Amino acid sequence: MRKLLIMLFLSLGVAVSANAGTCHVLNLNKDWSFKQARLNNWHPATVPGTVHTDLMALGMIDDPFIGLNEKEVQWVDKEDWEYRTVFDAEGAVGSRQALLVFHGLDTYADVFLNDSLILKADNMFRTWKVDVAALLKEKGNVLRIYFHSPIKVDMEKWHKLDYQYNAVNDQSQNGGVFDRRLSVFARKAGYHYGWDWGPRLVTSGVWRPIELVLWNDVRIDDVYTRQQTTSKLSQLSQCVTVMAENEGEATVMVTDKATGKKLASKVATLHKGKNEVTLDFQIKNPRLWWTNGLGEAHLYTFATTVTMASTTDCREQRIGLRSIRVLNEKDEYGKEFCFELNGKRVFMKGADYIPCDNFLPRVSDEIYTKTIQDAVDVNMNMIRVWGGGIYENDLFYDLCDEKGILIWQDFMFACSVYPASGALLESIQQEARDNIIRLRNHPCIALWCGNNECQDSFYGWGWREAYYKQSQEIGQKVEREFTDLYYKVLPQIVEELNPDIKYWPSSPFGDYNKSSFTTSGDYHYWGVWHANEPISNYNVHRARFYSEYGMQSFPEFESVKAFATDPAQWDIHSDMMMSHQRGGSFANSRIEGYLESEYVKPAAFPALLYVGQLMQGDAMKTAVEAHRRDKGYCWGTLIWQINDCWPVASWSTRDWYGRWKAAHYMIRHAMDDVLVSPIEKEGRLDVYVVNDRLKAVKGKLCVKLMTLDGKCLKEVSKQITAAANSSASMYSVPVDELLAGADRKDVFIAVDFNADRLYTADYCLLKSKNMAFPKANINWSIEENANGSRDVVLKSDCYVRGVFLSLPEEINPFHDNYVNLLPGKELRIRIDSMTSTADISRHLSVSAYNNL
């Protein structure tokens, strides 16, 4: 009967998926149409999708990511839109229970089934479930969704207030209405309203799938698995939420899918409606889940079944057995902030993450896979999901589970003050519940964080004082909304639904009711960039955990050509390039200022982009190494940011097209599990070895002072042991003693640490612009290896700074890039390209800072 039912639905053109039991899921994502609500013409639509992408598919608007097109589509968010589909459900009528599930409606939506209003949605982040058993027909079910303009809806709320809620990055002037900041009124992704790295594209639409869930007798609604895990024993407790049609006995069982072993079983008496059944079991000597670089991210698959009479439902989940804690105890400096995994302190290396596209349904499985793999490939072990975006798709967290990437999960609040009371607060509470329940079983979830920079902005940017200046009543109301949301409501929900994971009120955060500070908690360091402090300040600034810092650059020239299609606009100050620089003229001035302070500024546009990337890469490498050298006081470094949501100049280490910038290549070396890091401080050269492994590393350290043309002036070698999970200076010498009269501009320092493999570093004692880099004759060839792979083989007779390899229109065809060549030393770089060897040889571009 089950097979016949599925075949029937397939014959009707309705996509069907079935879990291992008798609960059937119909995907209602086909045969949609849409129209502008005040007009009559219906057009084909894609669901999941957005109004903007549907209009683009019809050629009714141009791609807003290209050129200046963003300005031409600002009318879209001021209109109402209507979507509809018709589906047959002959087999569904035989099911006594039918639940229509909307996984994502963006944002203000009235939903009608067969002309009956079944839902008024007002929160993009919620999952909406509606009982529709009484409304379904055998044929011709009409599902219609009316999307109200979020601008028109929230304008009414704005008008009712005699004060404003601050929303610093709401770019209302770029297509909004009279500079009125409306984003805070909608439970919708804040970045849709613009940011200092993103466009203003306020979307509407069915952004996640719609499903019709059909069942009889019994259905598993949720399974929550808690654990207390050590290396010898994992004690688990499964809370199974079961929906039952009628009272009766049911057998609830959990098995290990890999072995078929029954782990626990219980006969429970269910009553009609919602039931909770708890199963306790143990796994001895568990295979632990570890982060990238520390071990295997092993996942168990548990199958939980509920059988009632002849009806069975099943839910499978992948669980990583691990313990995770945040250490935040007082010490002699303030309060530490350190993640402890399986009883071991772990230095967090990673980045902050924003959504991969302004049009969220365009983010494919391939894009998610590449984004997480790109984090793994540069030795990251943590990603912070930033609070101005979304609670990400399930696949994102699945990939992080598989790859050993811990997730710092913000709730969706950022850089704003929100009217968090009344109906909006109730909606936020349900939003938090929906997403905690959805994500809490993932072993990657390490922290729930209240917001991004809302506390710093309220208590540190003068916002609180400004509200109280308007009136005592306004100040008290706004502050009460702030403290109720982040200090009471959200932590209470986390404690109820996911008590084993720490709640952190804000990022950054040091203490309640005050702005952040460096000696406690996490810190966002923007002295470099926003305060125009020199890049070298990364070497002296200290904090317990860096959860944001960064340096801007433009994408490389190949990416710029894709969105700035007019060569006349190839100037960073042109209208087209400024449209893709959301930090405005301030940001371009910062890029130029830092570039000119560190490097010789080239005149040619492609060369300027190249040196800008070199500057960003050097800055991020400097920061990461400084934070890791300070291991023990500092326990984390998260770069702002790992990705872009459109083609833009930004702090990202990867551009929107997926191309790695220089920074992404450079942090791969800076985040290696064993790091060799030379640094000059107060007239001394110290060579640090940082070891993130849980075992000591022994090897030979060799430090050389060399001229730029390859002559060795001094060499020191010694056997060393880098203790487990440590950072220490392994060689120290006064710089003047090391130089012995040599000019800084003519030499560099080369360091090798030969252990289980070779770890290297090279270091100049002056800024690049003050070095006497000679013009470089770079010899290169393409060599095919016996295993069929190919390498670019590079060699030069002098020290070469920042060798950049490029192939037209290709994305990341080289395993390494923006590398320094040491004189006389051959360097081989693997090629990952389908292009023929002959064509690579013909089109390969090899650039270097020396030759500008």
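See the structure shown above.
Residues numbered from 1 in each chain as written. Predicted model: local features only at pLDDT ≥ 70, side-chain atom pairs only at ≥ 80, totals over all residues. Heavy atoms only, no water.

J.: Requested: an account of the packing of aromatic side chains, with residues and values cited.
T.: A complete count under the given rule lists 65 aromatic pairs for this structure. Aromatic side chains Tyr665 and Tyr818 sit 6.1 Å apart centroid to centroid with 45 degrees between the ring planes, which places their arrangement in the tilted category. With Tyr665 in helix 14 (residues 662–670) and Tyr818 in the loop between strand 43 (800–806) and strand 44 (819–821), this pair connects stretches of sequence that are 153 residues apart. A single burial state applies to Tyr665 and to Tyr818, both of which are buried. In this structure, Arg84 packs its charged tip against the face of Trp42, placed 3.9 Å from the ring centre. (Phe/Tyr/Trp six-rings, centres within 6.5 Å; stacked < 30°, edge-to-face > 60°. Helix = DSSP H or I, 4+ residues; strand = E, 2+ residues; numbered from the N terminus. Buried < 20%, exposed > 50% of the residue type's maximum accessible area, 1.4 Å probe, protein only. Lys NZ or Arg CZ within 6 Å of the ring centre and 35° of its normal.)

J.: I'd like a description of the pattern of salt bridges, backed by residues and values.
T.: Inspection of the entire model under this criterion finds 56 salt bridges. Put simply, Asp222 and Arg440 hold a salt bridge, and the shortest N to O gap is 2.7 Å. Separated by 218 residues along the polypeptide, Asp222 in strand 16 (residues 218–229) and Arg440 in the loop between helix 6 (422–439) and strand 29 (445–449) bring together distant segments of the chain. With respect to burial, Asp222 and Arg440 carry one shared label: buried. For the salt bridge of Arg628 with Asp692, the shortest nitrogen-to-oxygen distance reads 2.8 Å. You can see Arg628 sitting in helix 13 (residues 605–629) and its partner Asp692 sitting in the loop between strand 35 (684–691) and strand 36 (697–707), a full 64 residues away along the chain. (Salt bridge = Lys/Arg side-chain N within 4 Å of Asp/Glu carboxyl O.)

J.: Can you tell me about the sheet that holds strand 41 (residues 779–784), naming the residues and giving the values?
T.: Taken in spatial order, the 3 strands line up as 41-42-45 in an open sheet, and their pairing is antiparallel. Two strands bound the open sheet, and with one partner strand each, they are strand 41 and strand 45 (827–831). Strand-to-strand twist in this sheet, taken as the mean axis angle between neighbours without regard to direction, amounts to 25 degrees. For strand 42 (residues 790–795) and strand 45, the ladder comprises 5 bridges, and the chain directions are antiparallel. Within strand 45, the position partnered with Arg790 by the bridge is Ile831. (Pairing = 2+ DSSP bridges. Axes fitted to C-alpha atoms, helices over the stretch in contact; angles between N-to-C directions.)

J.: Tell me about the packing of helix 13 against helix 14, and please be specific about residues and values.
T.: With their axes 8 Å apart at the nearest point, helix 13 and helix 14 run at an angle of 25 degrees to one another. Between helix 13 and helix 14, the interaxial angle falls into the category roughly parallel. For helix 13 against helix 14, the interelement crossing comes out right-handed. In this structure, helix 13 uses Gln613, Leu614, Gln616, Gly617, Asp618, Met620, Lys621, Val624, Glu625 and Arg628 to contact helix 14, whose residues at the interface are Ala662, Ala663, Met666, Ile667 and Ala670. (Parallel < 35°, antiparallel > 145°, perpendicular 65-115°, else oblique. Left-handed = near helix turned anticlockwise from the far one by under 90°. Contact = heavy atoms within 4.5 Å.)

J.: How would you sum up the environment of Lys272? Please name residues and give values.
T.: Counting through the fold element by element, Lys272 comes out in the loop between strand 19 (262–270) and strand 20 (273–284). Spatially, the C-alpha atom of Lys272 lies 15 Å from that of Val240, the residues being 32 residues apart in sequence. Setting aside residues no more than four positions away along its own chain, Lys272 makes contact with Ala244, Glu245, Asn246 and Glu247.

J.: So what's going on with the pairing of strand 28 (residues 406–410)? Residues and values would help.
T.: With 5 of 5 residues buried, strand 28 is to be regarded as a mostly interior element. Of the two faces of strand 28, the one holding Leu406, Trp408 and Asp410 and the one holding Ile407 and Gln409 are both buried throughout. Note: strand 27 (residues 382–385) against strand 28, 4 bridges, orientation parallel. Considered in strand 28, the bridge of Ile383 is made with Ile407. Note that the unit made of strand 27, helix 5 (residues 394–403) and strand 28 has a crossover that is right-handed. (Right-handed = clockwise from strand over helix to strand, strands pointing away.)

J.: Describe the sheet that holds strand 17 (residues 233–244), and please don't skip the residues or the numbers.
T.: Spatially, the 3 strands line up as an open sheet ordered 16-17-20, and their pairing is antiparallel. Since the sheet does not close on itself, it has two edges, and those belong to strand 16 and strand 20, each with one partner. Direction aside, neighbouring strands of the sheet carry axes that sit 20 degrees apart on average. Pairing of strand 17 with strand 20, which is carried by 12 bridges, proceeds in the antiparallel orientation. Bridging across to strand 20, Ser237 finds its partner in Asp280.

J.: How would you sum up the side chain of Asp106? Please name residues and give values.
T.: With respect to the helices and strands, Asp106 occurs in strand 7 (residues 105–106). Side-chain polar atoms of Asp106 contact the side chain of Lys188, separated by 2.7 Å. The residues contacting Asp106, other than those within four sequence positions of it, are Met124, Phe147, Lys188, His192, Thr203, Ser204, Gly205 and Trp207. (Polar contact = N/O pair within 3.5 Å; in protein donor to acceptor, adjacent residues only side chain to side chain.)

J.: Report on the nonpolar core, specifying residues and quantitative values.
T.: Formed by 207 residues in total, the largest nonpolar core has its most connected members in Phe102, Leu105 and Phe339. For Phe339, the contacting residues outside a window of four places in its chain are Ile324, Arg325, Val326, Lys344, Arg345, Val346, Met348, Met382, Trp408, Ala446, Leu447 and Phe545. By size, the runner-up hydrophobic cluster in this structure holds 27 residues, among which are Val687, Val733, Tyr759 and Tyr763. (Core = buried A, V, L, I, M, F, W, Y, C linked by side-chain atoms within 4.5 Å.)

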